[in-house]
Amino acid sequence: MIFGRTERGKAPVEPVTLKILVAGGFGVGKTTLVGAVSEIKPLRTEELLTEAGRPVDDTSGVEGKHTTTVAMDFGRITLREDLVLYLFGTPGQDRFWFLWDELATGALGAVVLADTRRLEDCFAAVDYFERRSIPFVVGVNCFEDAVRYPVEDVRQALDLDPGVPVVFCDARDRESVKEVLVDVVRHAMAYAADRRQTVGT
C-alpha cells in the first residue's frame, strides 16, 4: 500500500482474525503478556485489591501485586499481513470464572501461563481447556527468582497429554511472547487437522 492506496494490480489483503485466550492463576503475568505484545493500547479491566478481598485473594508469592483483572484484558497483534490475533486475558481468581465461557466462545486456542513457584494455580485452566477440547500451550513464565525445571518435569507435574506443547517464556518480552503465540496457532492448526482426520475415518 502506497500513501494509503493499494498498489496497482494487487487486491487488498483481508486478514484472517483468530481469537486466543491467555489464562492461568492469579498474578502469573497474563496482563503483562497481553500488554507486551499488543500493537494497540490494551483494554484492561483492573481494580485495586482491597482488604475485603484479602480472605479470598491468595497473594502468597505475589505480595507486590496491588491490582487484579476483574473481567478481561484485550489486545491485538498482527503476525503476518494476512493473520491477526485477538488476545483475551482471563481473570485469575475463581470468583470470576463464570466469565470464562463467554470469553472462550470462538477461541482457536489458548496459552496457559504457569509460574513454577505456584504451579497448582494453573491446574484449573488446564482442566478447563482439556474438558472443552480447546487446544492450548503451557507457557512457563520465567520469573527471576523461580527455579528452572526441565520441560518434562513441568509436563509431569501438570499431568499433560504428550501432545501439549510446554514452552519457556518471559511475559515482559515482546519477541518471547510472539513465539508462544506462534506455537499456539501451529498447535491449534495441527489439532484441528487431527480431529478432521479422525472424524473422516
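None of these values were measured; they are calculated from a predicted model.

Turning our attention to the overall build of the protein chain. Helix and strand counts for the protein chain stand at 5 helices and 7 strands. Of the regular secondary structure in the protein chain, the N- to C-terminal order runs β-α-β-β-β-α-β-α-β-α-β-α. The burial tally for the protein chain puts 42% of its 201 residues in the buried class. A total accessible area of about 11400 Å² is found for the protein chain, and carbon and sulfur atoms account for 53% of it.

A few words on the pattern of salt bridges. Under the counting rule described, the total for this entry stands at 12 salt bridges. Arg117 is the salt-bridge partner of Asp115, the closest N and O atoms lying 2.9 Å from each other. A relative accessible area of 2% places Asp115 in the buried class. Among the ionic pairs, Glu152 bridges to Arg155, the shortest N-O distance being 3.4 Å. Taken as a pair, Glu152 and Arg155 lie in helix H4 (residues 151-158) at a separation of 3 residues, close to a single helical turn. Taking the relative accessible area as the measure of exposure, Glu152 reaches 49% and is therefore partly exposed. Residue classification places Arg155 among the buried positions, given a relative accessible area of 13%.

Another aspect to go through is the environment of Arg131. If you trace the backbone, Arg131 turns up in helix H3 (residues 123-131). By relative accessible area, which is 65% here, Arg131 ends up exposed. Within polar-contact distance, the side chain of Arg131 engages the side chain of Asp127 at 2.8 Å.

This part is about H3. Of the residues making up H3, those classed as buried are Ala125, Val126, Tyr128 and Phe129. Projected down its long axis, H3 carries its buried residues within an arc of 160°, all on one side. Looking at the buried positions of H3, the neighbouring elements they touch are strand E1 (16-24), helix H2 (100-104), strand E5 (109-114) and strand E6 (136-141).

This part takes up unusual backbone geometry. Working note: non-glycine residues mostly have negative phi, and peptide bonds are mostly trans. A positive phi is found at Ser133, a non-glycine position, where the angle reads about 55°. Relative to the helices and strands, Ser133 is located in the loop between H3 and E6. Notably, Asp159 is not glycine yet its phi reads approximately 55°, a positive angle.

Turning our attention to H4. Buried within H4 we find Val154, Arg155 and Leu158. Take H4 and look down its axis: the buried residues cluster within an arc of 100°, on one side only. Looking at the buried positions of H4, the neighbouring elements they touch are H3, E6 and strand E7 (166-169). One or two residues past the end of H4 sits Asp159, with phi positive at roughly 55°.

Below, the discussion takes up the packing of aromatic side chains. Both the distance between ring centres and the angle between the ring planes are used here to describe each pair of aromatic rings. Within the structure shown, the criterion is met by 6 aromatic pairs. Measuring from centroid to centroid gives 5.2 Å for Trp100 and Tyr128, while their planes differ by 80°, and the two rings are edge-to-face. Taken as a pair, Trp100 in helix H2 and Tyr128 in helix H3 lie far apart in primary sequence, 28 residues in all. Neither Trp100 nor Tyr128 differs from the other in exposure class; each is buried. The rings of Trp100, Tyr128, Phe129 and Phe136 are connected pair by pair, giving a single aromatic cluster. When the ring centre of Phe88 is taken as reference, the NZ or CZ atom of Lys19 above it lies at 4.8 Å. Seen from the ring of Phe168, Arg148 lies directly overhead, with NZ or CZ sitting 6.0 Å from the centre.

How each quantity is defined
Residues numbered from 1 in each chain as written. Predicted model: local features only at pLDDT ≥ 70, side-chain atom pairs only at ≥ 80, totals over all residues. Heavy atoms only, no water. Helix = DSSP H or I, 4+ residues; strand = E, 2+ residues; numbered from the N terminus. Buried < 20%, exposed > 50% of the residue type's maximum accessible area, 1.4 Å probe, protein only. Areas by Shrake-Rupley, 256 points an atom, 1.4 Å probe, with all protein chains shown as cover. Salt bridge = Lys/Arg side-chain N within 4 Å of Asp/Glu carboxyl O. Polar contact = N/O pair within 3.5 Å; in protein donor to acceptor, adjacent residues only side chain to side chain. Arc of directions from axis to C-beta. Contact = heavy atoms within 4.5 Å. Phe/Tyr/Trp six-rings, centres within 6.5 Å; stacked < 30°, edge-to-face > 60°. Lys NZ or Arg CZ within 6 Å of the ring centre and 35° of its normal.

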